[in-house]
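Secondary and tertiary structure notes
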Number of protein chains: 2
Amino acid sequence: MRNPDPLQKIPLFTLLSERDRRKIASEVTEAHYGKGEYIFREGDPADYFHIVKEGTVKCVKSSSDGKECTLKVLMPGDLFCCEAAVFDGAPHPGSAQPMGDVSILRLRKKSYFEVLRRNPDAALEVIKYLGQRLNEAQENAKVLALDRAEQRLASLLVNLASRSGVREAGGIRLTVHLTRQDLADMAGITVETTIRIMGRFKRARVVSGTAKRIVILDLARLKHLASTTSTPCSKRSPAA
Amino acid sequence: MRNPDPLQKIPLFTLLSERDRRKIASEVTEAHYGKGEYIFREGDPADYFHIVKEGTVKCVKSSSDGKECTLKVLMPGDLFCCEAAVFDGAPHPGSAQPMGDVSILRLRKKSYFEVLRRNPDAALEVIKYLGQRLNEAQENAKVLALDRAEQRLASLLVNLASRSGVREAGGIRLTVHLTRQDLADMAGITVETTIRIMGRFKRARVVSGTAKRIVILDLARLKHLASTTSTPCSKRSPAA
DNA sequence: TCTAAAACATGATCTAGGTCATGTTTTAGA
DNA sequence: TCTAAAACATGACCTAGATCATGTTTTAGA
């Protein structure tokens, strides 16, 4: 049984005319990937838009000397490769890797642009979306440029809580599964440092759990830790 | 004597119909700022697009504990505040400061969006532009996350060379005037470190000069320094 | 259920680059 | 042209966090 309009719920497609959306939908193809594979690699030609249908995907960039950083973790509904897809002929500036089993919808970017030309409201929506992404990217750059490890990790967890957190007895659980290594790659620090800081957070009852089940116990405290260098977590006693 | 169509040469406006461009032009107002002033501050309401007409402007973000980082230096023709301007009602996520005397054109964002709705090609152009900016921002984040001070500074200088460099006998001179502090704020390092590294670059005949006159003498070498951690500048002898 | 491979954890160093202190040089404006 | 304020420069020191080394615990799949 095929979904007649798989794009209806994806923000960037809802504003299209129904006719155009159907047209686009008929051109969308679905693909599946597993851990260890690449959806695309840095330098590959960028002819498609990608949409996460199920699972999570990470956008990765690597430096010339082998190190990697994760720019963003994408969840169902997120559109990706938008950075590259807007250039004509330019290759992907980063890679996309599944973090487990995922299904991806892909759409030839040429088709999408044609349709956007006929749907100005949708085009403005895309402008808005890119503006938000740009904003996030710059906020991220600020954190990387100015904050120290503990603050970076705290900021990251706060962001993740709002993007993938579900309320639960005693805290906010992250639905994305992130190992310490994943967190490290996102915060621009090493695994060891991440483990140590997460250990402190744990002892202070700010977060709990590992990869499969990370729970934010004290969001307020975490926000505070993200925004000040003056009271690092280590200095405080583990809750009276 | 007033320029009848000041927007004609600005990339994001050339694709508008002449009629719309004139309409927009009639709504554009010009403003002047001097050193030490703010064009807008973080948190201010963002109702306008801004275009640099003359001079240079820097986009700045500051962390909660006072430190500042410079996200980008904007030159004549650059459009800014695009990050914020796309949200409805959201405030500016950063400040804009002139780096000397500047003239700025400002345009109510509502007007621009109305016009974009009627000019799909121009809207796609904006999408493209934002995609590029997003790309730059992510590239920047990568550098901040993975590279060390020397590489960051080298990358920065390479970028500046391509954005504001003019060929000159013996090298590429930067038309923007940047103090060591400015470079530091862009690279996410301290002034002292910047001065020391620039000193090394100078001794190695890779760059020369200060603020008013920075010249890149050896772009190839600089590119190499930007992309590898294995042969830092200090280790090499200052050219045989 | 067992087992190998991930993931998590912790301690012992080491160092890039931050911080502080104290000049010198350049620049701008009176 | 003089002078105060920026900007540039350099040394001494110190720490956050990287690196390396060596476990333990958890997870997945046979």
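Here, the structure is the one placed above.
Residue numbering note: each chain is counted from 1, following its sequence as written. Working convention: letters from A go to chains and numbers from 1 go to ligands, in the order in which they are written. A pLDDT threshold of at least 70 governs which residues receive local features in this predicted model, and a stricter bar of 80 or more applies before side-chain atom pairs are shown or counted, although totals over entire chains, interfaces and linings include all residues. For the side-chain quantities, the full set of heavy atoms in the structure was used; hydrogens and water were omitted.

**Some thoughts on the protein's contact with DNA strand C**
By convention in this text, a residue qualifies as near a molecule or strand provided that one of its non-hydrogen atoms is within 4 Å of it. Near DNA strand C you find 17 residues, and of these Arg180(A), Arg148(B), Ala149(B), Thr190(B) and Thr193(B) are the closest. Put simply, 64% of the atoms of DNA strand C that lie within 4 Å of the protein are in sugar or phosphate. Backbone polar atom of Arg180(A) to a phosphate oxygen of DNA strand C: 2.7 Å apart, as the coordinates give it. Here a polar contact is taken to be a pair of N or O atoms separated by no more than 3.5 Å, where protein atoms must pair a possible hydrogen donor with a possible acceptor and residues adjacent in sequence count only if both atoms sit in side chains. Taking Thr190(B), its side chain carries an N or O atom lying 2.8 Å from a phosphate oxygen of DNA strand C. Secondary structure counts use DSSP, requiring at least four H or I residues in a row for a helix and at least two E residues in a row for a strand, with both numbered from the N terminus. Elements with a contribution of two residues or more to the surface near DNA strand C: helix H8 (191-203) of chain A together with helix H8 (191-203) of chain B. Tallied by class, residues from the surface near DNA strand C come to four nonpolar, four polar and nine charged. Under the grouping applied here, Gly and all other residues not named as nonpolar or charged are polar, the nonpolar ones being Ala, Val, Leu, Ile, Met, Phe, Trp, Tyr, Cys and Pro and the charged ones Asp, Glu, Lys and Arg.

**Details of the relation of the copies chain B and chain A**
Both copies of the chain are tied together by a single rotation about an axis and a shift running along it. Between the two copies, chain B and chain A, the superposition gives an RMSD of 0.0 Å; the rotation angle is 180° and the shift along the axis is 0.0 Å. Taken together, the rotation and translation relating the two chain copies correspond to the operation of a two-fold axis. A shared binding surface is used by both copies, with 100% of the interface residues of chain B retained as interface residues in chain A. Here the copies are superposed with least squares, the fitted atoms being C-alpha atoms of residues at a pLDDT of at least 70 in both. Here, residues are in contact when the closest pair of their heavy atoms is within 4.5 Å.

**Some details on the protein's contact with DNA strand D**
Within the structure, DNA strand D sits among 17 residues, and Arg148(A), Ala149(A), Thr190(A), Thr193(A) and Arg180(B) are positioned closest to it. Take the atoms of DNA strand D that sit within 4 Å of the protein: sugar and phosphate atoms are 66% of them. Thr193(A) is positioned such that a nitrogen or oxygen atom in its side chain is 2.5 Å from a phosphate oxygen of DNA strand D. In the model, a base nitrogen of DNA strand D is placed 3.0 Å from a nitrogen or oxygen of the Arg196(B) side chain. Breaking the surface near DNA strand D down by element, the ones donating at least two residues are H8 of chain A together with H8 of chain B. It is H8(B) that provides the largest number of residues to the surface near DNA strand D, a total of four residues. Along the lines of polarity and charge, the residues of the surface near DNA strand D split into four nonpolar, four polar and nine charged.

Purely geometric stuff here, so don't read any function into it on its own.
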